[in-house]
Amino acid sequence: MNPDLCELLANDGFLRCYLTDAAGSPVDEISCEEEGNREDISVQLSDGEQVTLQKVTIRKQGYVVVEVEDEDTLCVSEPIPFCFFEYVILCAPVGTEVVCSVTEFDCQACVNCLDGTFESLDINFLICQSIQIVAEVVVEQEVGFCVPREVIVPDRCSFTIPNQCPVIFPNQMTDLEAPSNESLEKESRISTTSPAPAQLQEVACLSVTRVYDWIVQQSDFKRTIPAGDVEFNCSPCDIHLFVPADILCDRFLSGKVICGDIDPIEGAAVTFRAEGAMVEFTPDPVFSDEFGNFEVEAIVPAVTEPTDVVITAETMVDGQMVSTSLPTIIQCLADPCIIELFSAEEIDCDGFVDGRVRCDGRVIEGAVVMLDSSDPAVTFEPNPVLTGSHGNYFAGVTVADGTPPTLVTITASTTVEGQMIQASVEVLVECEDPCP
């Protein structure tokens, strides 16, 4: 049952039509190919000559989507297939092939209403196409072999003879006169280059594409679809998914299930998958809350090199499957077991420390972490402390009353998979008594 498209148009709505693939995703090209067998026909040219050409059938097909929208509602059709045949007269002898490309595509839609009821949908197509008849042929061509040019050698010595003093030296140079720059350059060219060889000629056979015929043609088509044969989805539901550009070992992903622009969907079961590499999602499925929001943890297996993946979230809403896919890069390089320890640089009477335990990029749950201080005036609660589901631990810090400013070392340690690991930080602590 289609929504009231006629009411949308009456409410200053407008129509939009665009080319898509079978899944409804916008594309730029359609199929344009030869169909069936060619037929010889006799054609009289403008000069009166009678020639035999071929009738070639061209098939163009694809999908379009029609949108109807007003200020409040957007209705999107399911992908609508189209397929048109037309014939053209070309010089297309046996052994040639058709190369057809669509250079321009446009579609215009019209919703036909009768007494306010949607009756049918008209779609007008305008297609500009370039059609060539080609074949691979061998041609004979006289060619010349390439020969190297002369080598250019720069002057290695360049000098200028100053003006002579006629009182001391005669006007005419003696046999010992140094040669001029011009004569040096001439001698250099003579001594370092050789005559260019004569260019050789030969006949070569080349394989090229020959165009036998070529036309550029505009075609107009129309398709009328009864209302019962086209399905519109109004204010379609969608999953808004937020995925970071990089996922290092584990990361929380968030999203929202929504219909239209404002209606959140509560209780939608959202499932996940990753294409390109193994990624574990927990929980899977995850259910959206009253605001349509959800959150899931993506866990990358240990010893995973940087890998491009596409993460897809999908759910079913009112019998309609909706999904969203986004690319990211995952990695989780091998590391030894480590314990992280964080604290403020200064603690005045009380504060806290926290950290995380990992092995090979995996977070360790249930690790027993012991906390110690180089000064007994500093204590921890709880101690020991267990790591949680994300490998995290947290403990309060208490500094004894009357402790002057003191630099202490706080250490966290645990044993994981047979390894004793620890981390330390230096903290300035104090807790002086108030003035009496």
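Residues numbered from 1 in each chain as written. Predicted model: local features only at pLDDT ≥ 70, side-chain atom pairs only at ≥ 80, totals over all residues. Heavy atoms only, no water.

With that out of the way, let us pick up the overall build of the protein chain. Within the protein chain one finds 2 helices and 30 strands. Across the 436 residues that make up the protein chain, the buried fraction comes to 32%. Total accessible area computed for the protein chain in this model is approximately 26,700 Å², and 52% of it derives from carbon and sulfur atoms. (Helix = DSSP H or I, 4+ residues; strand = E, 2+ residues; numbered from the N terminus. Buried < 20%, exposed > 50% of the residue type's maximum accessible area, 1.4 Å probe, protein only. Areas by Shrake-Rupley, 256 points an atom, 1.4 Å probe, with all protein chains shown as cover.)

Our focus in this paragraph is the state of the cysteines. Per the stated rule, a full pass over the model turns up 6 disulfides. The side chain of Cys17 participates in a disulfide bridge whose partner is Cys107; the two sulfur atoms lie 2.0 Å from each other. Its S-S torsion of approximately -110° makes the covalent link between Cys17 and Cys107 left-handed. Of the two residues, Cys17 is situated in strand 1 (residues 14-20) and Cys107 in strand 6 (residues 97-114); the sequence distance between them amounts to 90 residues. Pair check on accessibility: Cys17 and Cys107 agree, each one buried. Between Cys337 and Cys359 runs a disulfide, and the two sulfur atoms are separated by 1.8 Å. (Disulfide = S-S within 2.5 Å.)

Residues Glu345, Glu346, Asp348, Asp350, Asp401, Glu432 and Asp433 make up a contiguous surface patch of negative charge. Using a relative accessible area of 52% as the deciding quantity, one classes Asp348 as exposed. (Patch = residues over 30% accessible without salt bridge, like charges linked within 9 Å, V, L, I, M, F, W, Y side chains within 5 Å. Salt bridge = Lys/Arg side-chain N within 4 Å of Asp/Glu carboxyl O. Lys, Arg positive; Asp, Glu negative; His and termini not counted. Charge placed at Lys NZ, Arg CZ, Asp CG, Glu CD.)

The strand order 22-30-29-25-27 describes an open sheet built from 5 strands, whose pairing is mixed. Of all the strands in the sheet, the pair left with one neighbour each is strand 22 (346-348) and strand 27 (385-386). As paired elements, strand 25 (residues 368-373) and strand 27 share 2 bridges and run antiparallel to each other. When the bridges of strand 27 are listed, Val368 appears paired with Leu386. (Pairing = 2+ DSSP bridges.)

One recurring pattern in soluble globular proteins: nonpolar side chains tend to sit buried together. Grouped together as the largest cluster of nonpolar side chains are 27 residues, with contacts concentrated most on Ile339, Val357, Val369, Leu371, Tyr393 and Val416. Residue assignment for this core shows that the elements contributing at least two residues are strand 23 (350-359), strand 25, strand 26 (378-381), strand 28 (392-399), strand 29 (403-416) and strand 30 (419-431). Counting residues per element, this core draws most heavily on strand 30, which supplies 5 residues. Sequence-distant contacts of Val357, defined by excluding residues within four places in its chain, comprise Ile338, Ile339, Arg362, Val363, Ile364, Ala367, Val369, Thr387, Gly391, Thr414, Val416 and Ile421. (Core = buried A, V, L, I, M, F, W, Y, C linked by side-chain atoms within 4.5 Å. Contact = heavy atoms within 4.5 Å.)

Alignment of strand 6 against strand 7 (residues 117-144), held across 17 bridges, turns out to be antiparallel. Bridge pairing links Val111 to Leu121 in strand 7. The antiparallel hairpin formed by strand 6 and strand 7 contains 2 residues in its connecting segment, where Asp115 sits at a positive phi of about 55°.

Any aromatic ring pair is given by two values, namely how distant the centres are and how the planes are angled relative to each other. Counting across every chain of the model gives 10 aromatic pairs. Ring geometry for Phe82 and Phe125: centres 4.8 Å apart, planes at 40°, overall tilted. Of this pair, Phe82 sits in strand 5 (residues 80-90) while Phe125 sits in strand 7, placing them 43 residues apart in sequence. Joined through ring pairs, the aromatic side chains of Phe82, Phe84, Phe105, Phe125 and Phe221 make up one cluster. One cation-aromatic arrangement involves Lys55 over Tyr87; the distance from NZ or CZ to the ring centre is 4.7 Å. (Phe/Tyr/Trp six-rings, centres within 6.5 Å; stacked < 30°, edge-to-face > 60°. Lys NZ or Arg CZ within 6 Å of the ring centre and 35° of its normal.)

Taken in spatial order, the 5 strands of this open sheet run 11-19-18-14-16, and their pairing is mixed. Sheet topology places strand 11 (246-248) and strand 16 (286-287) at the edges, where each strand pairs with a single neighbour. Sheet analysis places strand 14 (residues 269-275) next to strand 18 (residues 304-317), joined by 5 bridges and oriented antiparallel. Bridge pairing in strand 18 links Ala274 to Ile311.

Now for the environment of Phe291. Turning to its location among the elements, Phe291 is positioned in the loop between strand 16 and strand 17 (293-299). Distance from Phe291 to Lys256, taken between C-alpha atoms, is 7.9 Å for residues 35 residues apart in sequence. Non-local contacts of Phe291, meaning those with residues more than four positions away in its chain, are made with Lys256 and Pro264.

Time to look at the confidence of the model for the protein chain. Across the protein chain, the average pLDDT comes to 83, with 85% of residues at or above 70. Mean pLDDT across the elements of the protein chain ranges from a minimum in helix 2 (residues 181-192), with 48, to a maximum in strand 25, with 95. Low pLDDT (under 50) marks residues 173-178, which in the prediction has 2 contacts with non-local residues, meaning those over four places away or in another chain. (pLDDT = per-residue confidence, 0-100.)

Glancing now at the pattern of salt bridges. On inspection of all chains with the given rule, the structure shows 11 salt bridges. In this structure, the salt-bridge partner of Lys55 is Glu39, at a minimum N-O distance of 3.6 Å. Here Glu39 lies in strand 2 (residues 31-44) and Lys55 lies in strand 3 (residues 50-69), a separation of 16 residues in the sequence. Among the ionic contacts, a cluster of salt bridges with common partners joins Arg16, Glu67 and Glu69.

With that out of the way, let us pick up the environment of Pro301. Counting through the fold element by element, Pro301 comes out in the loop between strand 17 and strand 18. Under the relative-accessibility criterion, Pro301 is labelled partly exposed at 31%. Here the alpha-carbon distance between Pro301 and Cys332, two residues 31 residues apart in the chain, equals 6.7 Å. Beyond its immediate chain neighbours, meaning those up to four positions away, Pro301 contacts Met278 and Cys332.

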